[in-house]
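Inside the fold
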Amino acid sequence: MSETTAKPRIRVPAYQVSEGTTSPAPAAPAGAEAFSFGDPEPVTSMRDFFYEGLWLSADEWYEPPVPLDVLAKSYRATAHHGSALQVKRNILLRTFEPHPLLGRQAFSGLALDYLVFGNGYLEEVVGRLGKRLPFRHLRARYMRRGGLAADRYWWVPNFVDRVELPAGRVIHLLEPDIDQGIYGVPDYIGSLQSAWLNESATLFRRRYYLNGSHAGFIMYVNDAAHNKQDIDAMRQALKDSKGPGNFRNLFLYSPGGKKDGVQVIPVSEVAAKDEFWNIKNITRDDQLAGHRIPPQLMGIIPQNTGGFGDVEKAARVFVANELEPLQATMREINEIVGEEIVRFQPYSLDGDDGPGLDPTR
């Protein structure tokens, strides 16, 4: 019997690999994936600022130590911050006695600028015959002060236009600052961070409601339907019941699925359980403390049964501690002008004809 030649064993791959290609790498096991929602936020935003100091610009005037644009935008940032400034302005305007050289409108603008920016400006207007005309209010946001003796004033409404005002015609009323005497600085600077936090919380809450994910439901069906048309009809009815701007709902059909086979955790639940209420209350109290305004005068509803106390007593304290010092500051204009153009009536809660409110009573 002849010997048979053993056939070589050839290992045939499970798939054919063409020339010029590499063998596919083995599939990697599924790994965890983490991602975040939204764009990254910088730690320091444009509205986070501190005292920048006083420095002389190339335009011969000193730049204010606090950006005036930020103060102007912050004026309307929250209801409490703007309202606290407005209530002081309104009380000053209520007790102000108009003068032929200083009307109510000019004084109202002067008082609001002084409260918001810590600076108030009036321009003396003289007629052709040398007669003194009513003073003109200059908006503090666009005023700059400079010169070697800090006695020159410019009107700078933008980066291009600039007008130097005549010497000796500008009356500058400023809130004293501990670091310099060129510009005034408002005394509520310490409460601005709370005002911005209050504004950010409100804006976040508005976006949270506008995105439509703050409410709605998930309709989960796990029983196998005998007729596919029934599921389609249910899905269509759910879509038709939703109008524009209403809550966004979700329909999920999983025949034979387990109870916990599909879990949907709304991202908005994280926002729904934030400290919005506490943030609003704490930042509100900080703003009122920064402006030294009693909550009774701000129209705030007390959350306790005892309330805030007698509003008339709070008004007396406010008159003694805040209103009278503001009136005394405004009267400094009389010393500069040489005439009593700023006069005030006694503050009264009983009307114009009633007795004055005595702070010591």
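As a starting point, this report considers the structure included with it. These numbers were taken from a predicted model, which means no experiment stands behind them.

On to the environment of Pro-166, then. Its place among the elements puts Pro-166 in the loop between β8 (163–164) and β9 (170–174). Expressed as a C-alpha distance, the spacing of Pro-166 and Glu-124, which sit 42 residues apart in the sequence, is 9.7 Å.

A few words on the pattern of salt bridges. Following the criterion strictly, the structure yields 13 salt bridges and no others. Residue Asp-69 is joined to Arg-141 by a salt bridge in which the shortest nitrogen-to-oxygen separation is 3.0 Å. Separated by 72 residues along the polypeptide, Asp-69 in helix α1 (residues 68–74) and Arg-141 in the loop between β5 (132–138) and β6 (143–146) bring together distant segments of the chain. Given the relative accessible area of 25%, Arg-141 is considered partly exposed. The closest approach of N and O atoms between Glu-322 and Arg-292, which form a salt bridge, is 2.5 Å. Residue Glu-322 is found in helix α8 (residues 311–330), and its partner Arg-292 is found in the loop between α7 (276–291) and α8; the two are separated by 30 residues along the sequence. On the basis of relative accessible area, Glu-322 is assigned to the buried category, the value being 11%. Three or more residues are tied together by salt bridges with common partners; here these are Lys-88, Asp-187, Arg-292 and Glu-322.

Our focus in this paragraph is the sheet that holds β9. Spatially, β5-β4-β9 is the arrangement adopted by the three strands of the open sheet, whose pairing is antiparallel. Of all strands in the sheet, those with a lone pairing partner are β5 and β9, marking the two edges. Direction aside, the axes of adjacent strands within the sheet are offset by 25° on average. Sheet topology note: the strand β4 (residues 119–126)/β5 ladder contains five bridges and is antiparallel.

The five strands are arranged β1-β2-β6-β7-β8 in an open sheet whose pairing can be described as antiparallel. Both outer strands of the open sheet, β1 (55–56) and β8, are each paired with one neighbouring strand and no more. Relative to strand β2 (residues 61–63), β1 runs antiparallel, the two sharing two bridges. Across the sheet, the residue bridging to Leu-56 is Tyr-62, located in β2.

This brings us to the packing of aromatic side chains. Counting across every chain of the model gives six aromatic pairs. With a centroid separation of 6.1 Å and an interplanar angle of 75°, the aromatic rings of Tyr-121 and Tyr-153 are classed as edge-to-face. Taken together, the residues Tyr-121 in strand β4 and Tyr-153 in strand β7 (residues 152–155) connect sequence positions 32 residues apart. Neither residue differs from the other here; Tyr-121 and Tyr-153 are each classed as buried. Between Tyr-142 and Trp-155, the ring centres sit 5.6 Å apart and the planes meet at 65°, which makes this aromatic pair edge-to-face. Here Tyr-142, found in the loop between β5 and β6, pairs with Trp-155, found in strand β7; they are 13 residues apart in sequence, far enough to count as distant. On the accessibility criterion, Tyr-142 (26% relative accessible area) is partly exposed. An aromatic cluster is defined as three or more aromatic residues linked by ring pairs; in this entry it consists of Phe-96, Phe-107 and Phe-344.

What counts and what doesn't
- Residues numbered from 1 in each chain as written.
- Predicted model: local features only at pLDDT ≥ 70, side-chain atom pairs only at ≥ 80, totals over all residues.
- Heavy atoms only, no water.
- Helix = DSSP H or I, 4+ residues; strand = E, 2+ residues; numbered from the N terminus.
- Salt bridge = Lys/Arg side-chain N within 4 Å of Asp/Glu carboxyl O.
- Buried < 20%, exposed > 50% of the residue type's maximum accessible area, 1.4 Å probe, protein only.
- Pairing = 2+ DSSP bridges.
- Axes fitted to C-alpha atoms, helices over the stretch in contact; angles between N-to-C directions.
- Phe/Tyr/Trp six-rings, centres within 6.5 Å; stacked < 30°, edge-to-face > 60°.

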